[in-house]
Amino acid sequence: LSNKEQFQINYTLDPDMQTFVRDYFEMYEPDFGSLVLMNAETGEVLVNYSYQNPNVAPIEGVSNLALEPIVPAASIFKIVTAAASLDLGKISANSLLPINGSHHTLYKKNVFSNQVNRWTQFITLRQAFARSVNSAFAKIGLQTMKPENLQEYAAKFGFNRTIESDVEKLLSESTVNIALDDPWRLAAVSSGFDHDSRMSALHGALLASVAVNNGLLLKPRFIHSVTNAEG
């Protein structure tokens, strides 16, 4: 662009929605929080909000919580596990899974054992996903794929690599560590029951958009247009 001419950058962010989210955070005053709202069909980011309570010590070195991979991926990683197993042809939406124990805990005795007793529940993958059942996804990881399979699909979904955007070097890498020789680690990561897998709020929005786009991982967009004096 010529440095003799002025240009106006028009961003994708919606000012009214951004203000609404800001007011919401300031009303409830959490210590920290972030929210990203994205057009799932275009990748246009409509809200990108980061909040740090002024009465709480800030997170050192972090300026935008929505863009930094500082929180656990947690159950959002179940999207990767489900997609990997489905794409490998190992499971279907209506496949039945035997489950023991609470839905939201993870114990080795309930993951490594296939024993069926009077407390065993049988639920489908569809139900396990809707209810975020940890032991179900731990078993899916252990019984339907190898660690390198999950590692490969994690990369396809944007982990351990740079996610490109229309703003250079915008996103830091989300990370996941899938040990190749530790079955329990595979189980924990598959279910999202670990603290080492890290992602940003924006990456979470991108993962959710994949289903809407028939498996395509979009590039997040912040710039709607660039115009000169003549429009």
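Residues numbered from 1 in each chain as written. Predicted model: local features only at pLDDT ≥ 70, side-chain atom pairs only at ≥ 80, totals over all residues. Heavy atoms only, no water.

(A) Fine view of the pattern of salt bridges. In this structure the tally under the stated criterion is six salt bridges. Put simply, D196 and R185 hold a salt bridge, and the shortest N to O gap is 3.6 Å. Placement of the pair is D196 in the loop between α7 (183–191) and β7 (198–199) and R185 in helix α7, with a sequence separation of 11 residues. Residue classification places R185 among the buried positions, given a relative accessible area of 13%. (Salt bridge = Lys/Arg side-chain N within 4 Å of Asp/Glu carboxyl O. Helix = DSSP H or I, 4+ residues; strand = E, 2+ residues; numbered from the N terminus. Buried < 20%, exposed > 50% of the residue type's maximum accessible area, 1.4 Å probe, protein only.)

(B) Structural detail: the packing of aromatic side chains. Counted according to the given criterion, the structure contains seven aromatic pairs. Taking 6.4 Å as the distance between ring centres and 25 degrees as the angle between the ring planes, the aromatic pair formed by F20 and Y24 counts as stacked. Of this pair, F20 and Y24 both sit in helix α1 (residues 15–28), four residues apart, roughly one helical turn. Judged by relative accessible area, F20 falls into the exposed class, the value being 57%. Summarising the aromatic geometry, the rings of F129 and F137 are spaced 6.1 Å apart at their centres and angled 55 degrees between planes, so their arrangement reads as tilted. Judged by relative accessible area, which is 0%, F137 ranks as buried. Among the aromatic side chains, those forming a connected cluster through ring pairs are F20, Y24 and Y28. (Phe/Tyr/Trp six-rings, centres within 6.5 Å; stacked < 30°, edge-to-face > 60°.)

(C) Quick look at helix α5 (residues 134–144). Within α5, nine of the 11 residues are buried, which leaves the element mostly enclosed by the surrounding structure. Of the residues making up α5, those classed as buried are N134, S135, A136, F137, A138, K139, I140, G141 and T144. Against the buried residues of α5 lie α2 (78–87), β5 (96–99), α3 (108–111), α4 (125–131) and α7. (Contact = heavy atoms within 4.5 Å.)

(D) Geometry of the pairing of strand β2 (residues 32–38). With seven bridges joining them, β2 and strand β3 (residues 45–52) adopt antiparallel strand pairing. If you follow L37 over to β3, its bridge partner there is V47. Counted between consecutive antiparallel strands, the loop separating β2 from β3 contains six residues, among which G43 sits at a positive phi close to 85 degrees. (Pairing = 2+ DSSP bridges.)

(E) Quick peek at α1. Its 14 residues give α1 an end-to-end C-alpha distance of 20 Å, which sits within 8% of 20 Å, the value for a rise of 1.5 Å per residue. Every buried residue belonging to α1 is among Q18, V21 and F25, and all of these are buried. Relative to the axis of α1, the buried residues are bounded by an arc of 65 degrees and lie together on one face. Seen from the buried face of α1, the exposed residues on the opposite side, beyond 90 degrees, are P15, D16, F20 and M27. Tucked into the core, α1 has its buried residues touching β2 and β3. Sitting at the amino-terminal end of α1 is D14, which places a side-chain oxygen 3.0 Å from the backbone nitrogen of D16. Of the residues one or two after α1, E29 is the one with positive phi, at around 50 degrees. (Expected span 1.5 Å × (residues − 1). Arc of directions from axis to C-beta. Polar contact = N/O pair within 3.5 Å; in protein donor to acceptor, adjacent residues only side chain to side chain.)

By themselves these figures say nothing about function.
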